[in-house]
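Summary of structural features
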There are 2 protein chains.
Amino acid sequence: MYRRHCAILRKLLSMVYRDSHGRTLDDYPRPSVAVDTAVLTVPPSGELSVIVIAAGLGASDDAESALDRLPGTFLHPGETLAEAVRRSLRTKAGINGLRPRQLRVFDEPERDPRGWVLSVAHADTVPAEQLNTRSSAARLEPVAELTSLAYGHSAVVALAVEQLREQYLAAPDPAGLLHARFTLRELHALHETIAGTTLQRDTFRRAMIARLVATGERSSGGMGKPAELFKIS
Amino acid sequence: MYRRHCAILRKLLSMVYRDSHGRTLDDYPRPSVAVDTAVLTVPPSGELSVIVIAAGLGASDDAESALDRLPGTFLHPGETLAEAVRRSLRTKAGINGLRPRQLRVFDEPERDPRGWVLSVAHADTVPAEQLNTRSSAARLEPVAELTSLAYGHSAVVALAVEQLREQYLAAPDPAGLLHARFTLRELHALHETIAGTTLQRDTFRRAMIARLVATGERSSGGMGKPAELFKIS
DNA sequence: CTAATAGTGTCTATCAGACACTATTAG
DNA sequence: CTAATAGTGTCTGATAGACACTATTAG
């Protein structure tokens, strides 16, 4: 009931409000606002990958409908951008529990042939197990092998990867890509995958160990000396 | 003529396009999109300051119309966000030659009592001389003394200051706040103002001198030993 | 001379990079 | 034993912080 009163008040205000040129809010043409999200992960293959989908236009049986874009949707009234992102990923890729971060707004007036569309690019990174691989239209694609995506989505992926790298310089596993307990070997491999370079083993160990908590437990089953299991904080 | 053809094609496409629910672009309610900009500077007073304006509602002779918001405007069709920012600063604060950078989108559906308005926050930093102080409605306000601004603009200022600090860790004077040639004393004072802390003189000198070019000229007119003038690259 | 500012020498603690060594497991 | 991986000792060079010293100007 309170929300309803607010909505009525807002409607009245928007009719009464006039800017310095005497225009009300309704006199301004408005753009459509979309969200597009780069969901990164590191699947068992060990390659930094991103979720891409095909255009949702009809049956799309032909070879033309390539996996060439990021999941996205239009912002609905009363919805925040984060909610729109979660909705688009839930309905188009079967992913839940995301905490998307904004990257930037793509605003070139001609960027979308369908009309005036602003796109707010988002990114998030999740463990591969959280991805619903049975989902019909979505696929994982290694970022290194991405050819150019539609709607300038390649730039979104590039920005997302860049920010992910910065995050992994600041903390051992900010996206929680590893299990609760992990060996330094696993963490080392993850950092090399994300950075796209090799990282010296001993230097890496000494840098990371200060930010980790030793559990006293040991890994088992692999070759060589069992390694200590660590956890975050 | 070419642009005109494009516009017609786009209009046709937007009528033909249908999403997975059979809706065209025009079937989606759209938000108004605004830009709001924090323009930072360091005036002769030596305090990091930001431009604030009063609401542009009519004559505004009363004491109610406080300087309580950042300059902003609604995005016009065919315009980029950067163009809207430049337009708003030109018309509302008499500032030209900006290169605004996007900070983030403020998207809470209820944030603006006038209706559904997304705000894309921007920031830029300019030398104080570039500001038109004769401008009627705009004033410089030290960021330390800012009380709370309307429309959540205080958060914009906080973000702008944070990013400015990061920029000044990466380069001697990325915003060009000093003249073409300057002493290390001037650069030191500027960095202390921006960082909001004191910075050790000798360490600062050694860190900066590697990124500057000595001109061989000396300062004059001040007390003490004349200092060498440096320039950027 | 003094006050004020510019600029340098140097010690120390820390740290990244690099290399080589030891330790512990499977088979 | 060998292969493989885990973990450590230690040297080097670079650098930030700190302190104290010298240098050059005005008045």
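Here, the structure is the one placed above.
Values in this document were obtained by computation on a predicted structure and should not be read as measured data.

1. Notes on the environment of Glu217 of chain A
Residues and elements named next belong to chain A. Summarising the element assignment, Glu217 is placed in strand β8 (residues 212-218). According to the relative accessible area criterion, Glu217 is partly exposed, its value standing at 37%. Counting along the chain gives 187 residues from Glu217 to Arg30, while the straight-line C-alpha distance between them is 59 Å. Ignoring sequence-local partners within four residues, the contact set of Glu217 consists of Arg181, Ala227, Glu228 and Leu229.

2. Section: the pattern of salt bridges
Residue and element names in this part refer to chain B. Evaluation of the coordinates by the stated rule reveals 10 salt bridges over all chains. Between Glu217 and Arg181 there is a salt bridge, with the nearest N and O atoms lying 1.9 Å from each other. Here Glu217 is found in strand β8 (residues 212-218), whereas its partner Arg181 is found in the loop between α3 (153-170) and α4 (184-195), with 36 residues between them in sequence. A relative accessible area of 36% means that Arg181 is categorised as partly exposed. The partner of Arg218 in a salt bridge is Glu228, and the shortest N-O contact between them spans 3.7 Å. Linking Arg218 in strand β8 with Glu228 in strand β9 (residues 228-232), this pair joins segments that are 10 residues apart in sequence.

3. Quick look at the packing of helix α4 (residues 184-195) of chain A against helix α5 (residues 201-209) of chain A
All names here are of chain A. Their axes nearest at 11 Å, the elements α4 and α5 cross at an angle of 105 degrees. Accordingly, the angle class assigned to the pair α4 and α5 is roughly perpendicular. Here Leu184, Leu187, His188 and His191 of α4 lie close against α5, whose contacting residues are Arg201, Phe204, Arg205, Met208 and Ile209.

4. Observations concerning the protein's contact with DNA strand D
The immediate surroundings of DNA strand D are formed by 19 residues, with Arg206, Lys225 and Glu228 of chain A together with Gln200 and Asp202 of chain B found nearest. Near the protein, within 4 Å, the atoms of DNA strand D are sugar or phosphate in 55% of cases. In this structure, Gln200 of chain B approaches DNA strand D through a side-chain N or O atom, which is 2.8 Å from a phosphate oxygen. One of the backbone N or O atoms of Lys225 of chain B is found 3.3 Å from a base oxygen in DNA strand D. Here the surface near DNA strand D gets four residues from one element, more than from any other, and that element is α5 of chain A. Here the surface near DNA strand D is composed, by residue class, of four nonpolar, four polar and 11 charged.

5. Quick look at the packing of aromatic side chains
All told, the structure shown has zero aromatic pairs over all chains when counted by the stated rule. The ring of Phe106 of chain A has Arg104 of chain A lying over it, and the distance from NZ or CZ to the ring centre is 4.2 Å.

6. Topic: the side chain of Thr80 of chain A
With respect to the helices and strands, the residue Thr80 of chain A is situated in the loop between β4 (72-74) and α2 (81-93). If we ignore the near neighbours within four places in the chain, the residues touching Thr80 of chain A are Leu75 of chain A together with Asp107 and Pro109 of chain B.

7. Regarding the nonpolar core
Val39, Ile51 and Ile95 of chain A together with Val39, Ile51 and Ile95 of chain B are the most contacted members of the largest nonpolar core, which has 40 residues in total. Those elements that place two or more of their residues in this core are β1 (32-41), β2 (49-54), α2 and β6 (117-125) of chain A together with β1 (32-41), β2 (49-54), α2 (81-93) and β6 (117-125) of chain B. Excluding its chain neighbours within four sequence positions, the residues that come into contact with Ile95 of chain A are Val39, Ile51, Leu89, Arg90 and Leu131 of chain A. Ala38, Val157, Tyr168 and Leu190 of chain B belong to the second-largest nonpolar core, a separate cluster that totals 30 residues.

8. Considerations on helix α3 (residues 153-170) of chain A
Residues and elements named next belong to chain A. The end-to-end C-alpha distance of α3, which contains 18 residues, comes to 26 Å, matching closely the 26 Å that a straight helix rising 1.5 Å per residue would cover. Those residues of α3 not exposed but buried are His153, Val156, Val157, Ala160, Val161, Leu164 and Tyr168. Considered in projection along α3, the buried side chains sweep an arc of 130 degrees and stay on one side of the axis. Along α3, the residues that are exposed and aim more than 90 degrees away from the buried face are Leu169 and Ala170.

9. A closer look at a positive patch on the surface
All names here are of chain A. Taken together, the side chains of Arg185, Arg201, Arg205, Arg206 and Lys225 make up a positively charged region of the molecular surface. For the positive patch, the element with the most residues is α5, which contributes three residues. In this fold, Arg205 is placed in helix α5. Of the residues examined, Arg205 reaches a relative accessible area of 41% and is grouped as partly exposed.

10. A word on unusual backbone geometry
All names here are of chain B. Look at Tyr151: it is not a glycine, yet its phi comes out positive at around 60 degrees. Inspection of the secondary structure assignment puts Tyr151 in the loop between β7 (139-142) and α3. The phi angle at Ser233 is positive, at roughly 45 degrees, despite the residue not being glycine. Among the secondary structure elements, Ser233 is positioned in the segment after β9. With a relative accessible area of 70%, Ser233 lands in the exposed category.

11. Side note on the protein's contact with DNA strand C
By nearness alone, 19 residues border DNA strand C, and Gln200 and Asp202 of chain A together with Arg201, Arg206 and Glu228 of chain B come closest of all. Counting only atoms of DNA strand C within 4 Å of the protein, the sugar-phosphate share comes to 54%. Of all the secondary-structure elements, those providing two or more residues to the surface near DNA strand C are α5 of chain A together with α5 (201-209) of chain B. Counting residues per element, the surface near DNA strand C draws most heavily on α5 of chain B, which supplies four residues. Of the residues assigned to the surface near DNA strand C, the class counts are four nonpolar, four polar and 11 charged.

12. Examining α2 of chain A
Residue and element names in this part refer to chain A. Taking 1.5 Å as the rise per residue, α2 with 13 residues should run 18 Å; its terminal C-alpha atoms sit 17 Å apart, in good agreement. Taken residue by residue, α2 has Leu81, Ala84, Val85, Arg87, Ser88, Leu89 and Ala93 as its buried positions. Positive phi shows up at Gly94, right after α2, with a value of about 65 degrees.

Rules and cut-offs
Residues numbered from 1 in each chain as written. Chains lettered and ligands numbered in written order. Predicted model: local features only at pLDDT ≥ 70, side-chain atom pairs only at ≥ 80, totals over all residues. Heavy atoms only, no water. Helix = DSSP H or I, 4+ residues; strand = E, 2+ residues; numbered from the N terminus. Buried < 20%, exposed > 50% of the residue type's maximum accessible area, 1.4 Å probe, protein only. Contact = heavy atoms within 4.5 Å. Salt bridge = Lys/Arg side-chain N within 4 Å of Asp/Glu carboxyl O. Axes fitted to C-alpha atoms, helices over the stretch in contact; angles between N-to-C directions. Parallel < 35°, antiparallel > 145°, perpendicular 65-115°, else oblique. Near = heavy atom within 4 Å. Polar contact = N/O pair within 3.5 Å; in protein donor to acceptor, adjacent residues only side chain to side chain. Nonpolar A, V, L, I, M, F, W, Y, C, P; charged D, E, K, R; others polar. Phe/Tyr/Trp six-rings, centres within 6.5 Å; stacked < 30°, edge-to-face > 60°. Lys NZ or Arg CZ within 6 Å of the ring centre and 35° of its normal. Core = buried A, V, L, I, M, F, W, Y, C linked by side-chain atoms within 4.5 Å. Expected span 1.5 Å × (residues − 1). Arc of directions from axis to C-beta. Patch = residues over 30% accessible without salt bridge, like charges linked within 9 Å, V, L, I, M, F, W, Y side chains within 5 Å. Areas by Shrake-Rupley, 256 points an atom, 1.4 Å probe, with all protein chains shown as cover. Lys, Arg positive; Asp, Glu negative; His and termini not counted. Charge placed at Lys NZ, Arg CZ, Asp CG, Glu CD.

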